[in-house]
Amino acid sequence: MNSDVIILGGGLVGATLGVGLAAHGLNAIIIDPADPAVTLAPGFDGRASAVASASGRMLDAIGIGSRLAGKGCAIRHIRVSDGLEPGALDFIPDADDGALGTMFENKLLRTAIHEAAVAADGVDLRMKTRATHVERGPAGVTVTLDTGDVIRAPLLVAAEGRNSPTREAAGITVARWKYDHAAIIGAFHHERAHENIAFEIFYPTGPFALLPLPDDEIGHRSAIVWSVKGADGPAMLKLSDRAFLAEAEKQMGGFLGKLSHASPRASYPLGFHHAARVTAERLVLVGDAAHGIHPIAGQGLNLGFRDVAALVEVLVEGKRTGLDLGDAALLARYQQWRGLDTMMVAVATDVLNRLFGVPGRTASAVRRFGISAVNRIPPLKGRFMAEARGESGELPKLLQGVLV
């Protein structure tokens with residue numbers, strides 16, 4: 001069977017890529033060994049993700065946004081502070097600029113994107129299926145599946161996550177290191193309304209992010225990403241709900257009032273990785289296969305969505321001009337477009353994490369000075385807000401909300 005593109009990995013980024021290509025008349029076969037009965041179960045992924053406004057426009061344009069309508073919580077204000085010290089940095093867009101982004105629980109994102117892929121005419125989604133042999137060469141890509149089927153395309157896309165075997169097989173080197181941090185994720189209810197504010201509170205032990213979720217029948221609710229020392233992660237998971245909420249309340253200084261109804265918690269080790277290249281012969285890397293960053297700025301998923309928007313544009317324009325979709329010139333354009341952007345975001349988040357992790361009064365004074373300086377320089381503040389919206393650099397058409 002032949003297709004325009006073969007995508008290995010049907011997660012948030014891989015499936016979105018398939019839907020994006022199908023929206024432009026290109027065909028994609030998506031191969032993923034996961035069982036949807038497991039990955040779409042309510043308890044599979046307790047995280048929540050910030051979808052930047054530009055990423056949201058892409059999801060709307062390719063038909064995924066309608067499946068998420070009314071299920072997220074708009075981020076209308078981001079507040080950054082060094083501990084609970086006074087002098088926070090507030091990012092508040094003008095009233096006519098719209099929200100900075102929208103918080104969605106990952107389980108809702110997974111379901112909406114999976115359903116859109118299943119419904120798309122140009123997507124052949126094959127779950128519970130593995131690629132047993134992959135051959136890339138001058139004439140194209142041939143993939144043998146564990147079902148015995150053999151599929152062919154001019155281009156292979158690896159969307160398999162941070163431990164991508166396809167990237168490793170291609171010999172693409174990766175810069176990587178681990179942070180001595182674990183992210184404790186979950187959600188809880190609180191007495192006072194969050195007022196659509198995302199809070200990023202930096203402590204020497206790691207950032208504490210509080211992310212607004214829609215109210216439910218119980219009341220006001222937020223997601224949490226709490227970076228703790230790696231050695232402390234297991235102990236945090238073992239705390240009773242009551243003890244965990246008490247510790248969280250201390251970190252927050254009680255500004256949202258009494259906390260209650262903690263959701264099940266999970267812990268993820270934090271690390272950084274960045275592929276030296278995002279292309280090889282008839283191969284493109286997207287999402288975590290290409291890059292993984294600290295969650296300090298909530299941009300991990302959005303970097304993957306930016307990969308999708310850029311790759312769709314490159315391939316659609318290539319198809320229209322009659323080029324082979326695995327043509328080296330097309331892949332070079334994607335490499336140039338995404339290589340610099342992902343490196344800049346990755347380095348910025350790494351530096352930010354290290355800067356706010358320096359202990360001591362002097363370091364804290366320097367951070368507070370930096371926060372107040374950004375507050376006083378509108379162009380600099382505007383640049384930070386553009387980054388939060390996902391609107392910096394050369395913006396692909398899908399991130400502008402229009403089809404290519």
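In short, a report on the structure.

**Overview of the environment of His294**
- With respect to the element layout, His294 can be found in the loop between strand S21 (291-292) and helix H9 (300-320).
- Along the primary structure His294 and Phe272 are separated by 22 residues, whereas in three dimensions their C-alpha atoms are 6.4 Å apart.

**Brief notes about the environment of Met58**
- Along the polypeptide, Met58 turns up in helix H3 (residues 53-61).
- For Met58 and Phe305, which are 247 residues apart along the polypeptide, the C-alpha to C-alpha distance reads 8.3 Å.
- The residues contacting Met58, other than those within four sequence positions of it, are Thr16, Phe305, Val308, Ala309, Leu398 and Leu399.

**What to know about the sheet that holds strand S10 (residues 140-145)**
- Reading across from one edge, S9-S10-S11 is the order of the three strands in this open sheet, with antiparallel pairing throughout. Of all strands in the sheet, those with a lone pairing partner are strand S9 (131-137) and strand S11 (150-153), marking the two edges. Looking at each pair of strands side by side, their axes are set apart by 15° on average, direction ignored.
- Pairing between S10 and S11: four bridges, direction antiparallel. Its bridge partner lying in S11, Val143 is registered against Ile151.

**Side note on the pairing of strand S3 (residues 48-52)**
- Counting buried positions over the five residues of S3 gives four, a clear majority of the element.
- Bridging between S3 and strand S7 (residues 101-105) involves five bridges; their strand directions are antiparallel. Across the sheet, residue Ser49 finds its bridge partner in S7, namely Phe104.

Cut-off values and rules
- Residues numbered from 1 in each chain as written.
- Predicted model: local features only at pLDDT ≥ 70, side-chain atom pairs only at ≥ 80, totals over all residues.
- Heavy atoms only, no water.
- Helix = DSSP H or I, 4+ residues; strand = E, 2+ residues; numbered from the N terminus.
- Contact = heavy atoms within 4.5 Å.
- Pairing = 2+ DSSP bridges.
- Axes fitted to C-alpha atoms, helices over the stretch in contact; angles between N-to-C directions.
- Buried < 20%, exposed > 50% of the residue type's maximum accessible area, 1.4 Å probe, protein only.

In short, geometric facts, not functional conclusions.
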